[in-house]
Amino acid sequence: MREPSSTGATDLVVAFSFTPYVDTAAVVAAKRVREEGRAVDVVQNDMAPSRAQDPDLGRIADDLVRRRTVLPTPTWFSSWKAVRAFADAGLEQVLRWDAEGPGYERLYSRAHWVPSHVLAARVKAHRPHVRWVAEFSDPLSVHADGRERHAPVEEGPLLDELAANLREAGVGPPGDNLFLWAETLPYALADELLFTNTNQRDLMLSRISDAGLAARAAARAVVRPHPTLPPAYYDLADPPVDLDPGRAHIGYFGNFYANRGLGTVLDALAALPAAQRAQVQLHVHTEQGEKLVTAVAARGLEPQVSVRPFVGYLDFLALCRRMDVLLLTDATTKGAFARNPFLPSKWSDYRGSGRPVWGVVEEGSPLSAQALDHRSPVKHTTAAVQVLAQIVREAGRPSGQRSERPSV
């Protein structure tokens, strides 16, 4: 971690999860800082109990960090105790920095990890002139399968203060659900609400029961996809990788969930004619390798699928550039939501690599609206077979007729 400057900034970042911790929320928050290009002070949590550190992540935005505090508060996802500890210790630090100067003018917070928005709301209440931009990575009060997400709040000084802030803004307290509080506070107090896609925005705004609050939130809603780093970041690392020049190399980086996996792609590989299948290599970097190895073996695909652990973020960016195609899969949400509200953050990294991207997409999803080079529907093996055949054909073209992998 780069040593911050003793001279403060006029921009404050409140991000419970921030680099150098290996966490999607941390990386996206740092990329927002890089995107803005402004000096910042950072309030973050010590994520060591649940997240590893990658010092290279500091290269995203540490040069813009002037002051930083890493608070030793509990790293729990849905705990009022963790929220209270972060909001109390964080506010004390922010007010001290603000008094030392030069004084804050802008505030950015990001959730997931909901304590970010609660602390940011307290800062806004104490310093109303500060312009607060609150970002939502995904809906907070609803699970990916459409079920309500709930965690209790606790009576006490913090809840009383937050309720008073809402009432002063003309909004009633949202009950006993922590996740509703983490949505309602920004809706009522933030100057700008940042969403990563229109489906997410529309879903979250549609769940606001107070018509006045819904109108306020809609007026302040801005859609801005996850940031993409400048091309130079893809050349900072040089990880070793052995790629057979006679094959088309497809890269997948990420974990799997109940509603998002590689089953359709593996079935398509197995269904591909043997001569074409021999020309494909799927490289999967994941923390869930054991399950995938079993699925690969069951289909007899060991020669075609390489399963490896996660790599550091800068290595990941460099490896993206060495692939012929990058693979990205949608979450399947049919029956849970009218329209898929999730845009994978990996798309922003893939897009910056300059390599072709294959999206396995759900109809009407945010990913399906992107400029993908290849696409096939979720759970549609035949369509995936056709994409694989096309990738093999393109990989076999003479060099003047295909896009070459950049040298790194």
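In this text the structure is predicted, and so the values were computed from the model without any measurement.

Caption draft 1: View of the pairing of strand S3 (residues 65-71). Taking burial as the measure, the seven residues of S3 include five buried ones, the bulk of the element. Two elements, strand S2 (residues 40-45) and S3, share six bridges in a ladder whose sense is parallel. By the bridge assignment, Gln-44 is partnered in S3 with Val-70.

Caption draft 2: Structural context of the packing of aromatic side chains. Taken as a whole, this structure holds eleven aromatic pairs when the rule is applied. Taking 6.4 Å as the distance between ring centres and 50 degrees as the angle between the ring planes, the aromatic pair formed by Phe-316 and Tyr-350 counts as tilted. Placement of Phe-316 in helix H11 (residues 313-322) and of Tyr-350 in helix H12 (residues 346-353) is noted, with a sequence separation of 34 residues between them. On the basis of relative accessible area, Phe-316 is assigned to the buried category, the value being 5%.

Caption draft 3: Structural context of the side chain of Asn-45. One can find Asn-45 in strand S2. Beyond its immediate stretch of four places on either side in the chain, Asn-45 contacts Ala-15, Phe-16, Tyr-21, Val-70, Leu-71, Pro-72, Thr-73, Pro-74, Thr-75 and Phe-86.

Caption draft 4: Examining helix H5 (residues 178-189) more closely. Given a rise of 1.5 Å per residue, twelve residues ought to cover 16 Å, and the 17 Å separating the end C-alpha atoms of H5 matches this to within 8%. Extensive coverage of H5 is indicated by the burial of eleven of its twelve residues. Every buried residue of H5 is accounted for by Leu-178, Phe-179, Trp-181, Ala-182, Glu-183, Thr-184, Leu-185, Pro-186, Tyr-187, Ala-188 and Leu-189. Its side-chain oxygen placed 3.0 Å from the backbone nitrogen of Phe-179, Asn-177 serves as the N-cap of H5.

Caption draft 5: Quick look at the sheet that holds strand S6 (residues 192-195). In spatial order, the strands read S3-S2-S1-S4-S5-S6-S7; together these seven strands make up an open sheet with parallel pairing. On the outer flanks of this sheet lie S3 and strand S7 (221-223), each paired with one strand and no other. The average undirected angle you get between the axes of adjacent strands in this sheet is 20 degrees. Sheet strands in contact with helix H1 (residues 24-36) are strand S1 (11-14), S2, strand S4 (106-111), strand S5 (131-136) and S6, and its direction is about 155 degrees off that of S4. Each of S6 and S7 is contacted by helix H7 (residues 211-220), which is oriented at about 40 degrees to S7, the strand it contacts most.

Caption draft 6: Expanded view of the pattern of salt bridges. Scanning the entire structure with this criterion turns up 29 salt bridges. When the shortest N-O distance is used, the salt bridge between Arg-34 and Asp-63 registers 2.3 Å. You can see Arg-34 sitting in helix H1 and its partner Asp-63 sitting in the loop between S2 and S3, a full 29 residues away along the chain. The class of Asp-63 is partly exposed, set by a relative accessible area of 38%. The residue Glu-192 makes a salt bridge to Arg-224 at a minimum N-O spacing of 3.4 Å. Here the residue Glu-192 occupies a position in strand S6, and Arg-224 occupies one in the loop between S7 and strand S8 (248-253), the gap between them amounting to 32 residues. Judged by relative accessible area, Glu-192 falls into the buried class, the value being 12%. Each of the salt bridges in this network shares a partner with another, and the network as a whole consists of Asp-11, Glu-36, Arg-38, Arg-106, Arg-131, Glu-192 and Arg-224.

Caption draft 7: Geometry of unusual backbone geometry. Put simply, Thr-19 and Pro-20 share a cis peptide bond, and its omega is 15 degrees. Mapped onto the elements of the fold, Pro-20 is located in the loop between S1 and H1. In this model, Gly-101 is joined to Pro-102 through a cis peptide bond whose omega is 5 degrees. Its location among the elements puts Pro-102 in the loop between helix H2 (80-100) and S4. Residue Trp-113 is not a glycine yet carries a positive backbone phi of 50 degrees. Turning to its location among the elements, Trp-113 is positioned in the loop between S4 and helix H3 (115-126). Of the residues examined, Trp-113 reaches a relative accessible area of 8% and is grouped as buried. Even without being a glycine, Lys-379 presents a positive backbone phi close to 60 degrees. With respect to the helices and strands, the residue Lys-379 is situated in the loop between strand S13 (374-377) and helix H13 (381-395).

Caption draft 8: The arrangement of the environment of Ser-353 in detail. Within the fold, Ser-353 resides in helix H12. Classification of Ser-353 by relative accessible area gives buried; the value is 3%. With near-sequence residues (within four places) excluded, Ser-353 lies in contact with Tyr-234, Cys-320, Arg-321 and Leu-326. Within the structure, Ser-353 has its side chain in polar contact with the backbone nitrogen of Arg-355 (distance 3.1 Å).

Caption draft 9: The sheet that holds S13, seen in detail. Here six strands make up an open sheet; going across it, the order is S10-S9-S8-S11-S12-S13 and the pairing parallel. Two strands bound the open sheet, and with one partner strand each, they are strand S10 (305-308) and S13. Mean inter-strand twist for the sheet, computed between neighbouring axes without regard to direction, equals 20 degrees. Here S8 runs beside strand S11 (residues 325-329); their pairing, made up of two bridges, is parallel. Within the sheet, the bridge partner assigned to Ile-250 lies in S11 and is Val-325. On top of the sheet, helix H8 (residues 263-271) reaches strand S9 (280-285), S10, S11 and strand S12 (357-361); it is set at about 160 degrees to S9, its chief contact.

Caption draft 10: A look at the confidence of the model for the protein chain. In this model, the protein chain carries an average pLDDT of 93, and 95% of its residues clear a pLDDT of 70 or more. Contacts of residues 398-408 to residues separated by more than four positions or lying in other chains number 21 contacts, the stretch itself having pLDDT below 50.

Criteria and cut-off values
Residues numbered from 1 in each chain as written. Predicted model: local features only at pLDDT ≥ 70, side-chain atom pairs only at ≥ 80, totals over all residues. Heavy atoms only, no water. Buried < 20%, exposed > 50% of the residue type's maximum accessible area, 1.4 Å probe, protein only. Helix = DSSP H or I, 4+ residues; strand = E, 2+ residues; numbered from the N terminus. Pairing = 2+ DSSP bridges. Phe/Tyr/Trp six-rings, centres within 6.5 Å; stacked < 30°, edge-to-face > 60°. Contact = heavy atoms within 4.5 Å. Expected span 1.5 Å × (residues − 1). Polar contact = N/O pair within 3.5 Å; in protein donor to acceptor, adjacent residues only side chain to side chain. Axes fitted to C-alpha atoms, helices over the stretch in contact; angles between N-to-C directions. Salt bridge = Lys/Arg side-chain N within 4 Å of Asp/Glu carboxyl O. pLDDT = per-residue confidence, 0-100.

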